[in-house]
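# Structural description and commentary
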Amino acid sequence: MFAGMIGLNLPTPVTPLTSLRGFGLEEYGVSLDMKRDDLIHPFISGNKWRKLKYLLDDARSQQKRVLVTFGGAWSNHLLATACAGALFGFGTIGFVRGDEKVSNPLLAMCRMYGMELRFVDRGRYRNKRMLFDELTAEELYFVDEGGYAAGALAGCAEVVQELTTEYDHIFCACGTGTTLAGLSLGLQRAGCSTQLHGVPVLAGGEFIAENIRELYTDAVFQLHTDYHFGGYAKTKPELLQFIRTFCSQTGILIEPVYTGKLCYAVLDLIRAGNFERGSKILILHTGGMTGIMGMHELFCN
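Residues numbered from 1 in each chain as written. Predicted model: local features only at pLDDT ≥ 70, side-chain atom pairs only at ≥ 80, totals over all residues. Heavy atoms only, no water.

## Considering the overall build of the chain
A tally of regular secondary structure across the chain gives 11 helices and 10 strands. In terms of principal-axis extent, the alpha carbons of the chain reach across some 60 × 45 × 35 Å. For the chain, with 301 residues in total, the buried portion stands at 55%. A sequence separation of at least 24 residues applies to 74% of the contacts in the chain between residues at least 6 apart. For the chain, the computed accessible surface area is about 13200 Å², with 49% contributed by carbon and sulfur atoms. Charge centroids of the chain, computed over 28 positive and 31 negative side chains, lie 4 Å from each other. (Helix = DSSP H or I, 4+ residues; strand = E, 2+ residues; numbered from the N terminus. Buried < 20%, exposed > 50% of the residue type's maximum accessible area, 1.4 Å probe, protein only. Contact = heavy atoms within 4.5 Å. Areas by Shrake-Rupley, 256 points an atom, 1.4 Å probe, with all protein chains shown as cover. Lys, Arg positive; Asp, Glu negative; His and termini not counted. Charge placed at Lys NZ, Arg CZ, Asp CG, Glu CD.)

Spelled out as structure tokens, the structure:
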């Protein structure tokens, strides 16, 4: 899909919209669509591609040759960066958070794409800039965990440009807040009156508001912080059952870390009567499905 596009201004395929039916939506008189950014690429999917897109442009314009980034042992971002590096001619180094070396299918794929993995304990991992600076070489380009960067906003803002209708509400899951900040930028550039909503996937997700405003001071949004199910990568039986039902009824794969919590939150808010009849609501599927491999045992029973 992207072969031969090395250089600046890398294009993003326009991803389709899927109308979601069932789940009692007709009772509440709202329409619910999902933008399928998970279909951008098997491994550089969703907001991973949108955040990396202009960072890759910037790295190439500075004549940097190696992308250096960070993540946990099941990080979708690590794999996306490894794949993007191989596809667009960059070397990649990934610092993996953890006290001991681990082996899993996702990290194996990172290595297959040529990423050099460096395992660091959690204490040292907190200072990512220090880890980067220790590498010293001038050809290196810093990519923060999860692609958190002001330079990533433009790619996320392009979601709005791709929409052919104006929605009353747009929802996305939040880890670092980069995607939500970019969506706010896109909505304001387009002059849309759409209300923007974020669903933090970490406990105490209120801090994401500060992250968002560090990236884009004029961001306008609402956070729904009660759907973390215990914290990042934490889950509960009701969330797992919801994901099973959603996947089996829609044919769309979601997972417990991001999109599962997002979809649960949106449907719960609809059922609680938070939206006027006739409201048009959009869910942004931000991809990153490979991390579900680390949680597959939760769905074995």
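## Points about the packing of helix H10 (residues 237-250) against helix H11 (residues 259-271)
One can describe the packing of H10 onto H11 by two numbers: an axis separation of 10 Å at closest approach and a directional angle of 90 degrees. Between H10 and H11, the crossing angle belongs to the class labelled roughly perpendicular. Residues Glu238, Leu239, Phe242, Ile243 and Phe246 of H10 form the contact with H11, whose participating residues are Gly260, Lys261, Cys263, Tyr264 and Leu267. Grouping the amino acids of the contact of H10 with H11 by side-chain chemistry returns seven nonpolar, one polar and two charged. (Axes fitted to C-alpha atoms, helices over the stretch in contact; angles between N-to-C directions. Parallel < 35°, antiparallel > 145°, perpendicular 65-115°, else oblique. Nonpolar A, V, L, I, M, F, W, Y, C, P; charged D, E, K, R; others polar.)

## Overview of the environment of Leu78
Turning to its location among the elements, Leu78 is positioned in helix H3 (residues 76-88). Spatially, the C-alpha atoms of Leu78 and Glu145 are 8.4 Å apart, while their sequence positions differ by 67 residues. With residues near it in sequence (within four places) discarded, Leu78 still touches Thr69, Phe70, Gly71, Gly72, Gly94, Phe95, Val96, Leu107, Cys110 and Met115.

## Considering the sheet that holds strand E5 (residues 116-120)
As summarised here, the arrangement of the four strands in space is E5-E4-E3-E6, forming an open sheet in which the pairing is parallel. On the outer flanks of this sheet lie E5 and strand E6 (140-142), each paired with one strand and no other. When the angles between neighbouring strand axes are averaged without regard to direction, this sheet yields 25 degrees. Helix-sheet contacts for helix H4 (residues 105-112) involve strand E4 (91-97) and E5, and the interaxial angle to E5 is about 135 degrees. (Pairing = 2+ DSSP bridges.)

## Structural notes on the side chain of His77
Tracing the chain through its elements places His77 in helix H3. Assessed through its relative accessible area of 7%, His77 is described here as buried. Of note is the side chain of His77, whose polar atom sits 3.4 Å from the backbone oxygen of Asp144. Once you skip the residues sitting within four places of it in the chain, His77 turns out to touch Lys48, Leu52, Thr69, Phe70, Val143, Asp144, Glu145, Gly146 and Gly147. (Polar contact = N/O pair within 3.5 Å; in protein donor to acceptor, adjacent residues only side chain to side chain.)

## Some words on the sheet that holds strand E7 (residues 169-174)
Spatial ordering of the open sheet is given by E1-E2-E10-E7-E8-E9, a layout of six strands whose pairing is mixed. Whereas interior strands pair on both sides, the edge strands pair on one side only; in this sheet they are strand E1 (17-19) and strand E9 (222-223). In this sheet, strand E8 (residues 195-200) lies alongside E7 in parallel orientation, the contact comprising six bridges. Bridge pairing in E8 links Cys174 to Pro200.

## Section: the nonpolar core
If you look at the biggest cluster of nonpolar residues, it comprises 31 residues, and the most contacted ones within it are Leu32, Phe171, Phe246, Val266, Ile270, Ile281 and Ile283. Contributing elements (two or more residues each) for this core: strand E2 (31-36), E7, H10, H11 and strand E10 (280-285). If one sorts the elements of this core by residue count, H11 sits on top with seven residues. Those residues in contact with Phe246, other than ones at most four positions away along the chain, are Leu20, Phe23, Met34, Gly251, Ile252, Ile254 and Cys263. (Core = buried A, V, L, I, M, F, W, Y, C linked by side-chain atoms within 4.5 Å.)

## A short note on the pairing of E5
Across five bridges, E4 lies against E5 in parallel orientation. Residue pairing for E5: Arg97 is matched across the bridge by Val120.

## Concerning the pattern of salt bridges
Applying the stated criterion across every chain, the model contains 10 salt bridges. A salt bridge links Glu162 to Arg50; its shortest N-O distance comes to 3.1 Å. In this pair, Glu162 sits in helix H7 (residues 153-162) while Arg50 sits in helix H2 (residues 46-61), placing the two residues 112 residues apart along the sequence. Here the salt bridges do not stand alone but share partners, grouping Lys35, Asp37, Arg50 and Glu162 into one network. (Salt bridge = Lys/Arg side-chain N within 4 Å of Asp/Glu carboxyl O.)

## Considering the environment of Val160
Along the chain, the position of Val160 falls in helix H7. On the basis of relative accessible area, Val160 is assigned to the buried category, the value being 8%. Sequence separation between Val160 and Ile170 is 10 residues, and the spatial gap between their C-alpha atoms is 9.9 Å. Discounting chain neighbours no more than four positions away, the residues touching Val160 are Leu183, Gly186, Leu187, Ala190 and Cys192.

## Some points on H3
Spacing of three or four residues puts side chains on the same side of an α-helix, whose turn is 3.6 residues. With 13 residues, H3 ought to run about 18 Å at 1.5 Å a step, and its terminal C-alpha atoms sit 18 Å apart, in line with that. Counting buried positions along H3 gives 11 out of 13 residues, so the element sits mostly inside the fold. Contacts made by the buried residues of H3 are with H2, strand E3 (66-71), E4 and H4. Measuring from the backbone nitrogen of His77 back to the side-chain oxygen at the start of H3 gives 3.2 Å, which picks out Ser75 as the cap. Gly89 sits one or two positions beyond H3 and adopts a positive phi of about 85 degrees. (Expected span 1.5 Å × (residues − 1).)

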